[in-house]
Amino acid sequence: MHILSTAGLRHSPPLRRRLLHSLPRSELITRICRLVLHHRAGSITKLPFTFSEDLIVDVLRSLKLNPDASLSFFKLARKQQQFGAGLKSMAMVVHILSRARNYEETRSYLNEIVGFGRKRGCEVCVVWGELVRVYKEFKFSPTVFDMVLKVYVERGLVKDALYVFDEICRLGRVPSLRSCNGLLSGLVRKGKCDAVVGVYDQMMRIGVVPDVFMCTIMVNAYWRNDGVERAVRYVEEMDGLGFEVNVATYNSLINGYVSMGDVEGAKRVMVLMSEKGLEMNVVTYTLLIKGYCKLLKMNEAEDLMQEMKEKSIVADQHTYGALVDGYCKNKEMDKAVGLKNEMLSSGCTGEAYKVCDQMISEGIKPSVVTYNTLLKGLLREGAFTDMFSLWRLMLKRGVHPNEVGYGTLLDGVFKMGDLDQALELWKEILMRGFRSRVLFDTVYNGLCKLRKMNEACEVLAKMREYGLLAEGELEVGNECSHGAADLAGLAPWNRNLVGAQVIQQSDETSVDPLVAQGTGASWHKVVLSCSNHVSSGAS
């Protein structure tokens, strides 16, 4: 009887809850860890306790050598509404994940820690102090220090990054070359070139070995802070030490000379590059072209452009932009306009757009042909938003669009998949009296691609009504009623319609939609398959 009553008490829920409530903290942590390690983290919430930062820290301390379990528990804790992760627990997690080489999660949590610190008004020293405390307790992982330095640099917090860099050096650690380059580059971008030199000297003292990227960064810093000649001396020093300075470094020197208006100095660097067997690239030429254009020496700039073409070096938007600026400043708007088609064929639509703006500022009104060319360029690049902006700008400036412009805009709307807007635009086109075969082909092809067969048939009916169907092309009624026919001799637009109908029918038949998109011989197979299906259905 005594045994039975004891068994009853053992399974009594109220008593069990009271016993669990009285669990010592160490036993509670042990139970939580056991559940996590046995992949039963979901059962933890059934235990009678409240999540707190101190409890999370104790559990993570126990699980520190098991990164999967630690991360699983930490994520579970963060889902609890009454709990907000603190700096201590997050610092533990990043060290645990870094030791496991889970750098992606580590980087994510470090970003969160930095954001957390700034949101709570914590100085960088507080965040750093917690990371160091956990490192000393766990005896791992120093990689976290280098990673948090990168986070501060990437966020543009160079002052905090400098603090972290100094503290890493105090710990006797050497930051990675990549982090050092990031810090120096960040300082240059912030205009703190005087600080760059001091930090660079410190890096050399602690044993950082520079690479070509660091050399290039330092050239930028030196010419901005101490003049181009100091940058030249630095390059000579590095060359004397056996460092192979690359094209990017010499380009930085050329940039320094050009910024100072010294084109002759830039040319001397180009000669030096040739002597060392280094090939000049598009950046090299663009910088020198920019220098000549600033001095309005357009003949020399044009000669360099021709030299690029002879060497098969493709000009980019920056090259064209420099020439456009030069022509406009030199009041040579005809030459600026002449670059338009060349820019568009090279994909430099933005610079071509700029030509229009500068033409207007010079009192020259771009024609509808100019706008049509720009619209086509934007359509080709898939820049639909810019295309619509240009269209509105054209109307605002009083330029009346022709059917070429309408056709381009209509093609763009269909490519966006916006049927309603396409149909509205099509109505406007018809109201304005534009009824060319090209426009009808555009709307018809767009409807076929969107599988709007009824609307496509209506367009074909209109084409027949306006006499736009050539002799020998299929009758509209036959196409729309039968849906498939021999495609031999059909115009491309007819094939599109039948192909779209075949694909539509293939959803309910055994015809493979991928085959249905074929051409040539495979088209005949598709039509034959579809025709057989229609015939069997009719029988």
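Up top is the structure.
Residues numbered from 1 in each chain as written. Predicted model: local features only at pLDDT ≥ 70, side-chain atom pairs only at ≥ 80, totals over all residues. Heavy atoms only, no water.

Participant: Outline helix α16 (residues 263–275), supporting the account with residue identities and numerical values.
Facilitator: Compared with an ideal rise of 1.5 Å per residue, which puts 13 residues at 18 Å, α16 spans 19 Å between its outermost C-alpha atoms and is within 8% of the ideal. What α16 keeps buried is the set Val263, Gly265, Ala266, Val269, Met270 and Met273. Taken end-on, α16 shows its buried residues confined to a sector of 160°, consistent with a single buried face. Measuring from the backbone nitrogen of Glu264 back to the side-chain oxygen at the start of α16 gives 3.4 Å, which picks out Asp262 as the cap. One or two positions beyond α16, positive phi appears at Gly277, with a value near 75°. (Helix = DSSP H or I, 4+ residues; strand = E, 2+ residues; numbered from the N terminus. Expected span 1.5 Å × (residues − 1). Buried < 20%, exposed > 50% of the residue type's maximum accessible area, 1.4 Å probe, protein only. Arc of directions from axis to C-beta. Polar contact = N/O pair within 3.5 Å; in protein donor to acceptor, adjacent residues only side chain to side chain.)

Participant: Got a sec to walk through helix α26 (residues 437–449)? Specific residues and values, please.
Facilitator: Helix length check: α26, at 13 residues, gives a terminal C-alpha distance of 18 Å against a target of 18 Å (1.5 Å per residue), a fit within 8%. Of the positions making up α26, those classed as buried are Leu439, Phe440, Asp441, Thr442, Val443, Tyr444, Gly446, Leu447 and Cys448. Positive backbone phi, at 60°, marks Arg451, one or two positions downstream of α26.

Participant: Describe in detail the environment of Lys297, supporting the description with residues and values.
Facilitator: Counting through the fold element by element, Lys297 comes out in the loop between α17 (282–294) and α18 (298–310). On the accessibility criterion, Lys297 (37% relative accessible area) is partly exposed. In sequence terms Lys297 and Tyr327 are 30 residues apart; their C-alpha atoms lie 9.9 Å from each other.

Participant: Summarise the pattern of salt bridges; cite the residues concerned and give the values.
Facilitator: If the charged atoms of two oppositely charged side chains come close together, the side chains can form a pair. Applying the stated rule across the entire model yields 20 salt bridges. Among the ionic pairs, Arg25 bridges to Asp58, the shortest N-O distance being 3.1 Å. Within this pair, whereas Arg25 is found in helix α3 (residues 25–37), its partner Asp58 is found in helix α4 (residues 53–63), the two being separated by 33 residues in sequence. You can call Arg25 partly exposed: its relative accessible area is 41%. Under the relative-accessibility criterion, Asp58 is labelled partly exposed at 23%. The closest approach of N and O atoms between Arg61 and Glu137, which form a salt bridge, is 2.5 Å. Of this pair, Arg61 sits in helix α4 while Glu137 sits in helix α8 (residues 124–138), and the two are 76 residues apart along the sequence. Shared partners join several salt bridges into a network, and the residues in it are Arg25, Asp58, Arg61, Glu130, Arg133 and Glu137. (Salt bridge = Lys/Arg side-chain N within 4 Å of Asp/Glu carboxyl O.)

Participant: I'd like a rundown of the packing of aromatic side chains, residues and numbers included.
Facilitator: Taken as a whole and judged by the stated rule, the model has 12 aromatic pairs. Aromatic pair Phe74 and Tyr109: ring centres 5.8 Å apart, planes at 75°, arrangement edge-to-face. Pair noted here: Phe74 is in helix α5 (residues 67–78) and Tyr109 is in helix α7 (residues 103–119), with a separation of 35 residues, a long-range link. Exposure class is identical for Phe74 and Tyr109. Each is buried. Seen from their ring centres, Tyr222 and Tyr234 are 5.2 Å apart, and the 45° between their planes marks the pair as tilted. (Phe/Tyr/Trp six-rings, centres within 6.5 Å; stacked < 30°, edge-to-face > 60°.)

Participant: Give me the lowdown on the environment of Gln81, citing residues and values where you can.
Facilitator: On the secondary structure map, Gln81 appears in the loop between α5 and α6 (87–99). Under the relative-accessibility criterion, Gln81 is labelled exposed at 82%. A sequence separation of 30 residues divides Gln81 from Phe51, and the C-alpha atoms of the two residues are 9.5 Å apart.

Participant: Can you explain the nonpolar core? Please cite residues and give values.
Facilitator: Counting 125 residues, the largest nonpolar core has Ile32 and Ile44 as its most contacted members. Non-local contacts of Ile44, meaning those with residues more than four positions away in its chain, are made with Ile32, Leu35, Val36, Phe49, Phe51, Phe73 and Leu76. Among the nonpolar cores identified, the runner-up in size contains 36 residues, and Leu409, Leu419, Leu425 and Val459 belong to it. (Core = buried A, V, L, I, M, F, W, Y, C linked by side-chain atoms within 4.5 Å. Contact = heavy atoms within 4.5 Å.)

Participant: Lay out the packing of helix α22 (residues 368–381) against helix α23 (residues 384–396) with the relevant residues and their values.
Facilitator: Taken N-terminus to C-terminus, the directions of α22 and α23 make an angle of 165°; their axes are 8 Å apart at the nearest point. Overall, the two elements α22 and α23 adopt an arrangement that is roughly antiparallel. Here α22 runs over α23; the crossing is left-handed. Of the residues in α23, those in contact with Tyr371, Leu374, Leu375, Leu378 and Leu379 of α22 are Phe384, Asp386, Met387, Leu390, Trp391 and Met394. Of the residues assigned to the contact of α22 with α23, the class counts are 10 nonpolar, no polar and 1 charged. (Axes fitted to C-alpha atoms, helices over the stretch in contact; angles between N-to-C directions. Parallel < 35°, antiparallel > 145°, perpendicular 65-115°, else oblique. Left-handed = near helix turned anticlockwise from the far one by under 90°. Nonpolar A, V, L, I, M, F, W, Y, C, P; charged D, E, K, R; others polar.)

Participant: I'd like a description of the packing of α16 against α17, backed by residues and values.
Facilitator: Following both chains from N to C, one finds α16 and α17 inclined at 160°, their axes separated by 10 Å at the closest point. By the angle between their axes, α16 is roughly antiparallel relative to α17. Once α16 is placed against α17, the crossing between them reads as left-handed. Listed contacts from α17 to Val263, Ala266, Lys267, Met270 and Met273 of α16 are Thr284, Leu288, Gly291 and Tyr292. Tallied by class, residues from the contact of α16 with α17 come to 6 nonpolar, 2 polar and 1 charged.

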